[in-house]
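The primary structure of each chain is shown beneath.
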Amino acid sequence: PTWEVTASRSLGSDLVGLATRMRVRGRASGIEVDAHGGWLARIADGRMTEAVLHQSFDDALLDGRRRLLDRAHLYFVCEAHPSGSDPRPLLEAALRGGVDLVQLRDKEIDDEHLVAAARGFRQAADTHGALFFVNDRPDLVGACDADGVHVGQDDIAVTQARQVAGPAALVGLSTHSPAQFDAAAAAEGGARPDQISVGPVWETPTKEGRAAAGLEY
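Description of the structure in this document. What you see is a predicted model; the values in this text were computed from it and never measured. For every chain, the first residue of its written sequence is number 1, and the numbers climb from 1 along that sequence. Given that the model is predicted, a residue must reach a pLDDT of at least 70 before its local features are reported, and side-chain atom pairs must reach 80 or more before they are shown or counted; all residues, however, enter totals for whole chains, interfaces and linings. Note: side-chain values were computed over all heavy atoms of the structure, leaving out hydrogens and water.

Together, W3, V5, M22, V24, I31 and V33 make up a nonpolar patch on the protein surface, roughly 550 Å² of accessible area in all. If you list the elements that add at least two residues to the nonpolar patch, you get β1 (2-11) and β2 (15-25). With relative accessibility at 54%, the residue I31 sits in the exposed group. Here a patch means residues that are over 30% exposed by relative accessible area and free of salt bridges, tied together within 9 Å if like-charged and within 5 Å if nonpolar (Val, Leu, Ile, Met, Phe, Trp, Tyr). Areas reported as accessible are Shrake-Rupley estimates using a 1.4 Å probe. Residue values count occlusion only from the protein chains shown. Salt bridges are counted wherever a side-chain nitrogen of Lys or Arg sits within 4 Å of a carboxyl oxygen of Asp or Glu. Elements are defined by DSSP. Helices are runs of H or I of four residues or more, strands are runs of E of two residues or more, and each kind is numbered from the N terminus. Summary of the burial criterion: residues with accessible area below 20% of their type's maximum are buried, those above 50% are exposed, and those between are partly exposed, where the area comes from a 1.4 Å probe applied to protein chains only.

All right, on to the sheet that holds strand β10 (residues 195-198) then. Pairing between strands is defined by DSSP: at least two bridges between the two strands are required. Read across the sheet, 6 strands follow the order β5-β6-β7-β8-β9-β10 without closing on themselves; strand pairing throughout is parallel. Strand pairing shows two members of the sheet lacking a second neighbour, β5 (75-78) and β10, which therefore form its edges. Mean inter-strand twist for the sheet, computed between neighbouring axes without regard to direction, equals 25°. Taken together, the 4 bridges between strand β8 (residues 148-151) and strand β9 (residues 170-175) define a ladder with parallel strand orientation. Looking across to β9, one finds that G148 is bridged to L170. Helix axes are fitted only over the stretch in contact, all axes being lines through C-alpha atoms; the angle between N-to-C directions runs from 0 to 180 degrees.

Our focus in this paragraph is the side chain of D147. Relative to the elements of secondary structure, D147 occurs in the loop between α4 (141-144) and β8. D147 sits in the buried class, given a relative accessible area of 2%. Within 3.5 Å is the distance limit for a polar contact, defined as a pair of N or O atoms, with the added protein rule that one can donate a hydrogen and the other accept it, and that residues adjacent in sequence qualify only through two side-chain atoms. Polar side-chain contacts of D147 include one of 2.9 Å to the side chain of R65. Two residues form a contact once any of their heavy atoms are found within 4.5 Å. The contact partners of D147, leaving out residues within four places of it in the chain, are R9, R65, R122, A130, L131, F132, A168, A169 and L170.

Here you go:
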């Protein structure tokens, strides 16, 4: 039998997704079997300490991204050019300060400039082992090389967002009331978001016309 790694992707500081291919030829029959799969490996001190087999590379990446999300504590949302400036110094400061997940949210720029801006967000997230989400655009997850997409209550449904973003992408969802939060938490299968946001806690110009949700939930 022959076994090879056909693709790999670092996830955070200690996880790696691997796409693998194994070929086996029967001695008597001569029949060759070509099998593809995915592995999620944990690396510590340069050594593989854990490896979980998945049916596909996408499944391995999704598992790794969900593990990173499970241990995330601080979520930072940033425009492509905050106050018209280069976002990299702000991203670096936020990530050094403990941010685990960064979101590129910009309602004003076109697709070309959004994808271009995403490169700096992706690089900063990779440097610090953080996740990177793009806002509202599941159709640009691949072009932005994002780990996931965040959608709102008035945007595309979570199930549809998964179909558009791809099987390895995380999907986050905004909620603005306890009822919306409970509905998101109770959803099943592909309709259940990987991450739920609540708010805005206070009124904000970034959510014009949206009343503050407060701290009740």
